[in-house]
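Read off the chains here:
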Amino acid sequence: MIAVGSALRILGGGLYYYGFSVFFLPLSQDLGLNRAATSLVFSLARAQGAFEAPVAGYFLDRYGPRPLILAAIVTTGIGHMMLSGVESYIGLLIVYMGVVSLSFQAGFMDAPMVIANTWFIRQRTMAMSVVSASIGLGGFLFTPVLAYAVHAWGWRNAAFGAGVVFLIAGLPLALFVRRSPESMGLRPDGDAPVPSGLRDAPGAGHGAETNFTLSDAMRTSAFWLLTAATALRIVALSAINVHYIPLLVWKGVSEQHAAFLLGAQALLGLPSHVLLGWLADRVNKARLMALCMLVAMVGLIFLIYAKSEWQLWIFLLLFTVVESTFPANWSTVGEFFGRENFAKIRGTMSFVQAWGAVIGPVAAGAVYDATHSYNHLLWGLVVVLLVTGVLYAMVVRPASIAE
């Protein structure tokens, strides 16, 4: 299950998550768009994901991950093929929001994390880390290839090819997805199987496991602190990721080399995810995430003052922790609130958090259009990460429902 979830993340991470930054400049130049307008497309897609998240959470808890994964593969694949033919900004908005990103968040992001949370309890953080790290592997494997395809054949042909890859590689993967270990007579973490009469809801054979309802979770401070901290972290991450190549071009790097550095950062995220996942199962997760935000702040300061290649590499290394803390974040949610309603709780949190991905890229584009510089943006993100770290440091485990 973790292999399947990871493969889906590799596919979606490389061709969609990191891929948008590769398409950013050629697409905006072809359609005559400024950076704020191009960023708005990405941000509106994230706003769409925010509204879909609670519904997707309910759907995942009720029907399992496979139906949403299938829907996401089909719409994302066909959407990229349609994207290759857009000729106007309105057309871009309709295709990207109405088809490309329609169910991407639910199928490629939420569903694999639900799989990890359902199949593991003791090793939950490491399982989530492996799944989450796969996004970076996708960026490393696909981003340079996608950049070469855009350079050699144009962004339209590259987008069409990406759609074909989504369908050919994604559909067979979805067939391997299973709802839960209990549905197969198994138990989380590979524990001894349960009797056939107990093969129903997640949690069978785990009487000591705490499972909050959504309303119970929303009455805790941990729910709101984690939600707010993650939303702010996504502001910083999405602003940098969407504008990654334009930002490095502003620093004097060529587009091709910037795409290479983007792939390098994705690759550096692999050991970062695994290391933080290993640590998170052994230390206080909230304090670890707070420390990571301070590390990322230092990385941004290196980027602000970067005059040479080595300073960019320091930024790449340190900023990877922003994304690498996602598994610790969602593992904390699973640890605090349980498995049975995880998707609903995650979906409700994501409704708030996704607005960070709406604000970040548009703010970055607007700042650049107004000042022709990313300098003010980067200093603003330093402050955002500082506040994020403080919020994570305030998180404490909620009392058991029975208490």
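Located above this text is the structure these notes cover.
The shown structure was predicted, so the numbers you read here are calculated from the model rather than taken from an experiment. (Residues numbered from 1 in each chain as written. Predicted model: local features only at pLDDT ≥ 70, side-chain atom pairs only at ≥ 80, totals over all residues. Heavy atoms only, no water.)

Asks: Explanation requested: the packing of aromatic side chains in the structure shown.
Replies: In this description, a pair of aromatic rings is defined by centroid distance and the angle of the planes. The final tally for this structure, using the stated rule, is 16 aromatic pairs. Taking the centre distance of 5.6 Å and the plane angle of 75° together, the rings of Phe-108 and Phe-166 count as edge-to-face. Taken as a pair, Phe-108 in helix α6 (residues 104–119) and Phe-166 in helix α8 (residues 155–174) lie far apart in primary sequence, 58 residues in all. For Phe-166, a relative accessible area of 0% corresponds to the buried category. Residues Trp-250 and Tyr-374 carry aromatic rings whose centres are separated by 5.7 Å and whose planes lie at 75° to one another, so their mutual orientation is edge-to-face. Taken as a pair, Trp-250 in helix α11 (residues 244–250) and Tyr-374 in the loop between α16 (342–371) and α17 (375–393) lie far apart in primary sequence, 124 residues in all. In textbook terms, an aromatic cluster arises when at least three aromatic residues are bridged by ring pairs, as seen for Tyr-16, Tyr-96, Phe-104, Phe-108 and Phe-166. (Phe/Tyr/Trp six-rings, centres within 6.5 Å; stacked < 30°, edge-to-face > 60°. Helix = DSSP H or I, 4+ residues; strand = E, 2+ residues; numbered from the N terminus. Buried < 20%, exposed > 50% of the residue type's maximum accessible area, 1.4 Å probe, protein only.)

Asks: How do you make sense of the nonpolar core when you look at a structure like this?
Replies: Nonpolar side chains in soluble globular proteins tend to be buried together. Membership of the largest hydrophobic core comes to 126 residues, with the highest contact counts inside it found for Tyr-96, Phe-108, Ile-240, Leu-300, Phe-319 and Phe-337. Non-local contacts of Tyr-96, meaning those with residues more than four positions away in its chain, are made with Tyr-16, Phe-20, Val-41, Phe-42, Ala-45, Leu-83 and Ser-101. (Core = buried A, V, L, I, M, F, W, Y, C linked by side-chain atoms within 4.5 Å. Contact = heavy atoms within 4.5 Å.)

Asks: When you look at the side chain of Asp-61 in this model, what are you seeing that I'm missing?
Replies: Within the secondary structure, Asp-61 sits in helix α3 (residues 35–63). Its relative accessible area of 16% is what places Asp-61 among the buried residues. If we skip the residues at most four places from it in the chain, Asp-61 touches Arg-179, Glu-340, Asn-341, Phe-342, Ala-343 and Lys-344.

Asks: For this particular structure, what's the right way to read the packing of helix α12 (residues 255–280) against helix α13 (residues 285–304)?
Replies: To describe two helices that pack against each other, one gives the angle between their axes and the distance between the axes. Remark: α12 packs on α13, axes separated minimally by 9 Å, with the N-to-C direction vectors making an angle of 145°. The segment α12 lies against α13, with Leu-276, Leu-279 and Ala-280 engaging Lys-285, Leu-288 and Cys-292. Of the residues in the contact of α12 with α13, the class split is five nonpolar, no polar and one charged. (Axes fitted to C-alpha atoms, helices over the stretch in contact; angles between N-to-C directions. Nonpolar A, V, L, I, M, F, W, Y, C, P; charged D, E, K, R; others polar.)

Asks: Help me understand the environment of Val-295 in this model?
Replies: Of note, Val-295 is situated in helix α13. Judged by relative accessible area, which is 28%, Val-295 ranks as partly exposed. Taking the C-alpha atoms as reference points, Val-295 and Val-322, separated by 27 residues in sequence, lie 8.7 Å from one another. Dropping the residues within four chain positions of it, Val-295 is found in contact with Leu-318 and Val-321.

Asks: Help me understand helix α4 (residues 66–83), please; the structure alone is not making it clear to me.
Replies: Structural remark: α-helix, 3.6 residues per turn; residues separated by three or four positions point the same way. With 18 residues, α4 ought to run about 26 Å at 1.5 Å a step, and its terminal C-alpha atoms sit 25 Å apart, in line with that. Those residues of α4 that fall on the buried side of the exposure criterion are Leu-68, Ile-69, Ala-72, Ile-73, Thr-75, Thr-76, Gly-77, Gly-79, His-80 and Leu-83. (Expected span 1.5 Å × (residues − 1).)

Asks: Which parts of the structure should I look at to understand helix α1 (residues 2–17)?
Replies: The terminal C-alpha atoms of α1 lie 20 Å apart, and with 16 residues this falls more than 12% below the ideal 22 Å at 1.5 Å per residue. The buried fraction of α1 is high, at 14 of 16 residues.

Asks: Can you help me understand empty space enclosed by the protein in this one?
Replies: By rolling a water-sized probe across the atoms, one finds the places where empty space is left. The tally for this structure, following the rule as stated, stands at three cavities of 30 Å³ or more. The space that makes up the largest cavity amounts to roughly 490 Å³. In terms of lining residues, the largest cavity is bounded by 26 residues, among which Tyr-17, Gln-105, Met-109, Ile-234 and Phe-326 are the most central. At the level of elements, α1, α3, α6, α7 (124–153), α10 (221–242), α15 (326–337) and α16 are the ones that each hand at least two residues to the lining of the largest cavity. Among the elements that make up the lining of the largest cavity, the one with the highest residue count is α16 (five residues). Here the lining of the largest cavity is composed, by residue class, of 14 nonpolar, eight polar and four charged. (1 Å grid on protein atoms, 1.4 Å probe; cavity = no way out; pocket = protein on both sides within 12 Å on 5 of 7 lines; lining within 4 Å. Points joined across faces, edges and corners; volume = space filled by probe spheres on them.)

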